[in-house]
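Here is how the chains run, residue by residue.
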Amino acid sequence: VQLQASGGGLVQAGGSLRLSCAASGRTFSRHAMGWFRQAPGKEREFVAAINWIGISTAYADSVKGRFTISRDNAKNTMYLQMNSLKPEDTAIYYCAAAGGSNWYAYQGLKEYDYWGQGTLVTVSS
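No experiment lies behind these values; they were computed from the predicted model shown.

**Some details on the overall build of the protein**
Here's step 1: If you tally the helices and strands in the protein, you get 0 helices and 11 strands.
Here's step 2: The C-alpha radius of gyration of the protein comes to 13 Å, within 12% of the 14 Å expected for a compact globule of 125 residues.
Here's step 3: Considering only C-alpha atoms, the protein reaches an extent of 40 × 25 × 25 Å along its principal axes.
Here's step 4: Residues counted as buried form 44% of the 125 residues belonging to the protein.
Here's step 5: Taking as baseline every contact in the protein between residues at least 6 positions apart, the subset at least 24 positions apart corresponds to 60%.
Here's step 6: Approximately 6,400 Å² of the protein is accessible, and the part contributed by carbon and sulfur atoms is 47%.

Right under this line is the structure:
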């Protein structure tokens, strides 16, 4: 599966953005999906994940209550709604598709086999 992330940009603290991850091919619904981010000089970290049908989700503590992950299998697209953005949310955001069972919302990077190119989110103070 090929992934294309979009929707990043520059926003003031307290603002909102919605990221999208479009997947090619007919196998999107077979994959659990996730969002990760990488800030300058830091390691890539987990943000949110969702299982194949959207009934199981997981969030990093740092974004819980502010970000919402969702997916539309009919459109082969996953979303990340980001509200109440903070300067520390500034990073390149990557979407990824897991290679294992699609019933789980995986939090570990090693569970993901397919990665998009990333979209930059910059939050100004």
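**Observations regarding the state of the cysteines**
Here's step 1: Tallied over the entire structure, the rule returns 1 disulfide.
Here's step 2: Between Cys21 and Cys95 runs a disulfide, and the two sulfur atoms are separated by 2.2 Å. Taking the torsion about the sulfur-sulfur bond, which here is approximately 70 degrees, the covalent link between Cys21 and Cys95 counts as right-handed. With a gap of 74 residues between them, Cys21 in strand β3 (residues 17–23) and Cys95 in strand β9 (residues 91–98) connect regions that are remote in the sequence. Cys95 shares its class with Cys21; the two are buried.

**Some words on the pairing of strand β1 (residues 3–6)**
Here's step 1: Across the two faces of β1 the burial differs, with Leu3 and Ala5 buried and Gln4 and Ser6 not buried at all.
Here's step 2: Taken together, the 4 bridges between β1 and β3 define a ladder with antiparallel strand orientation. Of the residues in β3, the one forming a bridge with Ala5 is Cys21.

**What about the pattern of salt bridges?**
Here's step 1: Tallying each qualifying case throughout the model produces 4 salt bridges.
Here's step 2: Between Arg37 and Glu45 there is a salt bridge, with its nearest N and O atoms 2.7 Å apart.
Here's step 3: Residue classification places Arg37 among the buried positions, given a relative accessible area of 5%.
Here's step 4: The closest approach of N and O atoms between Lys64 and Asp61, which form a salt bridge, is 3.2 Å.
Here's step 5: Note on Asp61: relative accessible area 68%, which makes it exposed.
Here's step 6: One continuous salt-bridge network, built from bridges that share partners, spans Arg37, Glu45, Arg66 and Asp89.

Procedures and definitions
Residues numbered from 1 in each chain as written. Predicted model: local features only at pLDDT ≥ 70, side-chain atom pairs only at ≥ 80, totals over all residues. Heavy atoms only, no water. Helix = DSSP H or I, 4+ residues; strand = E, 2+ residues; numbered from the N terminus. Rg over C-alpha atoms; globule rule 2.2 N^0.38 Å. Buried < 20%, exposed > 50% of the residue type's maximum accessible area, 1.4 Å probe, protein only. Contact = heavy atoms within 4.5 Å. Areas by Shrake-Rupley, 256 points an atom, 1.4 Å probe, with all protein chains shown as cover. Disulfide = S-S within 2.5 Å. Pairing = 2+ DSSP bridges. Salt bridge = Lys/Arg side-chain N within 4 Å of Asp/Glu carboxyl O.

Note that every value here comes from positions in space, so none of it alone points to a role or purpose.
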